[in-house]
Amino acid sequence: MSEQKDILTGHNYDGIQEYDNPTPGWWTWLFIATVIFSAVYFLVVTVIADGRLSPAAFHDQEQDEAMRLQYGTIANEKPTAATLLKLMKDDKWVRAGSSVFQTQCVACHGRNGEGMTGPNLTDNAYINVKKIDDIYDVVSKGRNNGAMPAWGPRLQPAELLVVSAYVASIRGKNLTGKPAEPNAVEIPPW
Ligand code: HEC
């Protein structure tokens, strides 16, 4: 280092001179290595793997795996009346459905399904539901030009199943909330 003190660039501005202190070789090479690494990284991760190595892809993979673990036994069940009747009697699936409901549905249907902008789901009168499997249809496809949004594109099939089972299970609780809609009719028990 000491001999560098004597090396000057020869620049002289109003008597102010400049040492010629180049960055150390190891630093320069490290810098060049990072530039090369970034090019290789970009090529491999973004171009060749085409997004399959991105954090988002890993997140999706893990989410699929979590879904499989959580809903493994019902992931392939058809949304029939029999399936929903079975699930709504099983505490475990009703609780899973309740947690989906708490995340996605309470803004319009109230914390316990008692209704806000959306109808009260705890009475016996419905607009779009005549039988239990209609719930799955309404929830996945939506109704009334999206006033009730379509959840099919946003939730996993198993999540649609359990939230439908939950909705079926809160029928008849008759919680105080939104009065029955004027166009709703009372339907026979499931
Ligand atoms: C943006 C507000 C909103 C959200 C969020 C919402 N809903 Fe709805 N929902 C509505 C409205 C409004 C209706 C009434 C549609 C109509 O008038 O036909 C409805 C109707 C329904 C019905 C049919 C009720 C009937 O009487 O026919 C069910 C079942 C239902 N929603 C379940 C759900 C579930 C489950 C979720 C969450 C996954 C959810 N909703 C989220 C607004 C919402």
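In this numbering scheme, every chain counts its residues from 1 along its sequence in written order. Where totals are concerned, whole chains, interfaces and linings use all residues; where local detail is concerned, this predicted model gives features only for residues with pLDDT of at least 70, and gives and counts side-chain atom pairs only at 80 or more. Side-chain figures throughout are based on the complete set of non-hydrogen atoms in the structure, without hydrogens or water.

S.K.: So what's going on with the overall build of the protein? Residues and values would help.
M.R.: Secondary structure is summarised from DSSP: a helix means a run of H or I of at least four residues, a strand means a run of E of at least two, and numbering begins at the N terminus for each. Across its full length, the protein carries seven helices and four strands. In the protein, the succession of α and β elements from N to C terminus is β-β-α-α-α-α-α-β-α-α-β. The atom set for the radius of gyration is the C-alpha atoms, and the globule formula is 2.2 Å times the number of residues raised to the power 0.38. The C-alpha radius of gyration computed for the protein amounts to 31 Å, which surpasses the reference 16 Å derived for 190 residues by more than 25%, pointing to a less compact arrangement than a globule. With the principal axes as the frame, the protein shows a C-alpha extent of 100 × 40 × 30 Å. The criterion used for residue contact is that any of the two residues' heavy atoms lie within 4.5 Å. Intrachain contacts of the protein at a sequence separation of at least 6 include 59% that bridge at least 24 residues. Total accessible area on the protein stands at roughly 12,600 Å², and carbon and sulfur atoms take up 60% of it. The charged-residue count follows a simple rule in which Lys and Arg add positive charge and Asp and Glu add negative charge, with His and chain termini not counted at all. Lysine's charge is taken at NZ, arginine's at CZ, aspartate's at CG and glutamate's at CD. One way to put it: in the protein the 17 positive side-chain charges average out to a point 16 Å from where the 21 negative ones average out. For the area figures, the Shrake-Rupley method with a 1.4 Å probe applies, and any residue is considered shielded solely by the protein chains shown.

S.K.: I'd love a proper account of the packing of aromatic side chains, names of residues and values included.
M.R.: Geometry of aromatic contacts follows a simple scheme: Phe, Tyr and Trp rings, the Trp one being its six-membered ring, pair when their centres are within 6.5 Å, and the pair is stacked under 30 degrees between planes, edge-to-face over 60, tilted otherwise. Counted according to the given criterion, the structure contains five aromatic pairs. Look at phenylalanine 101 and tyrosine 166: their rings are 5.1 Å apart centre to centre, the planes differ by 50°, and that puts the pair in the tilted class. Placement of phenylalanine 101 in helix α4 (residues 91–104) and of tyrosine 166 in helix α7 (residues 157–170) is noted, with a sequence separation of 65 residues between them. The buried category is assigned to phenylalanine 101, whose relative accessible area is 1%. Where tyrosine 126 meets tryptophan 190, the ring centres are 5.8 Å apart and the plane angle is 50°; that geometry is what we call tilted. Note on classification: 1.4 Å probe, protein chains only; a residue is buried when its accessible area is under 20% of the maximum for its type, exposed when over 50%, partly exposed between these limits.

S.K.: Can you lay out the packing of helix α6 (residues 132–141) against α7 for me, pointing to particular residues and giving the numbers?
M.R.: Orientation of α6 relative to α7, taken along the N-to-C sense of each, is 130°, at an axis distance of 9 Å. Accordingly, the angle class assigned to the pair α6 and α7 is oblique. Read as a crossing pair, α6 and α7 show a hand that is right-handed. Touching Ile132, Ile135, Tyr136, Val139 and Ser140 of α6 are Pro157, Leu160, Leu161, Val163, Ser164, Val167 and Ala168, all from α7. Here, axes are lines fitted to C-alpha atoms. For helices the fit covers the stretch in contact, and angles between N-to-C directions go from 0 to 180 degrees. Geometric relationships in this document are graded by angle, where less than 35 degrees denotes roughly parallel, more than 145 denotes roughly antiparallel, 65 to 115 denotes roughly perpendicular, and other angles denote oblique. In this scheme, a crossing is called left-handed if the near helix is turned counterclockwise away from the far one by less than a right angle; it is called right-handed if the turn is clockwise.

S.K.: Describe the nonpolar core, and please don't skip the residues or the numbers.
M.R.: Counting 35 residues, the largest nonpolar core has Tyr71, Ile74, Trp93, Phe101, Ile135, Val139 and Val162 as its most contacted members. Where this core is concerned, the elements lending two or more residues are α2 (55–71), α3 (81–88), α4, α6 and α7. The element best represented in this core is α7, accounting for ten residues. With residues near it in sequence (within four places) discarded, isoleucine 74 still touches Leu87, Trp93, Ala158, Leu161 and Val162. We call a set of buried residues a nonpolar core when its members are Ala, Val, Leu, Ile, Met, Phe, Trp, Tyr or Cys and they connect through side-chain atoms within 4.5 Å of each other.

S.K.: How would you sum up the coordination of the iron atom of the ligand? Please name residues and give values.
M.R.: Only His109 (NE2) and Met148 (SD) from the protein coordinate the iron atom of the ligand, and they sit 2.0 to 2.2 Å from it. Of note is the iron atom of the ligand, whose six donor atoms meet at the metal with angles of 87 to 179° in an arrangement that counts as octahedral. Of this pair, histidine 109 sits in helix α5 (residues 106–109) while methionine 148 sits in the loop between α6 and α7, and the two are 39 residues apart along the sequence. The rule for donors is simple: N, O or S, within 2.8 Å of the metal, or within 3.2 Å if the metal is Na, K or Ca. Water isn't counted, so a site may look like it is missing partners. A four-donor site is classed as tetrahedral when every donor-metal-donor angle falls between 85 and 135 degrees; four donors are called square planar, and six octahedral, when trans pairs exceed 155 degrees and all remaining angles lie between 65 and 115, with any other arrangement labelled irregular.

S.K.: Please set out the pairing of strand β1 (residues 8–13) residue by residue, giving values where relevant.
M.R.: Each regular strand carries side chains that alternate between the two faces of the sheet. Pairing between strands requires that DSSP locate at least two bridges from one strand to the other. In terms of strand pairing, β1 meets strand β2 (residues 16–19) through three bridges, oriented antiparallel. Directly across from tyrosine 13, in β2, lies its bridge partner isoleucine 16. Linking β1 to β2, which pair antiparallel, is a turn of two residues; within it aspartate 14 sits at a positive phi near 45°.

S.K.: An account of the pattern of salt bridges is needed here, citing residue identities and associated values.
M.R.: Salt bridges are defined as contacts in which a side-chain nitrogen from Lys or Arg sits within 4 Å of a carboxyl oxygen from Asp or Glu. Counted under the stated rule, the structure contains six salt bridges. Notably, a salt bridge pairs glutamate 77 with lysine 86, separated by 2.8 Å at the nearest N-O pair. Here aspartate 137 ties to lysine 141 by a salt bridge, and the two come within 2.6 Å at their closest N and O atoms. Of the two residues, aspartate 137 and lysine 141 both sit in helix α6, four residues apart, roughly one turn of that helix. The exposure class of aspartate 137 is partly exposed, given its relative accessible area of 26%.

S.K.: Tell me about the site of the ligand, residues and numbers included.
M.R.: Any residue with a heavy atom positioned within 4 Å of a molecule or strand is treated as near that molecule or strand. Looking at the ligand, there are 20 residues lining it, with Cys105, Cys108, His109, Asn128 and Met148 nearest. Here a polar contact means two N or O atoms within 3.5 Å. Within protein one must be a hydrogen donor candidate and the other an acceptor candidate, and residues neighboring in sequence count only if both atoms are side-chain atoms. At 2.8 Å, a backbone N or O of isoleucine 127 approaches an oxygen atom of the ligand. The set of elements that each furnish at least two residues to the shell around the ligand consists of α5, α6 and α7. Residue type decides the class: Asp, Glu, Lys and Arg count as charged, Ala, Val, Leu, Ile, Met, Phe, Trp, Tyr, Cys and Pro as nonpolar, and the leftover types, Gly among them, as polar. Residue composition of the shell around the ligand, grouped by class: 15 nonpolar, five polar and no charged.

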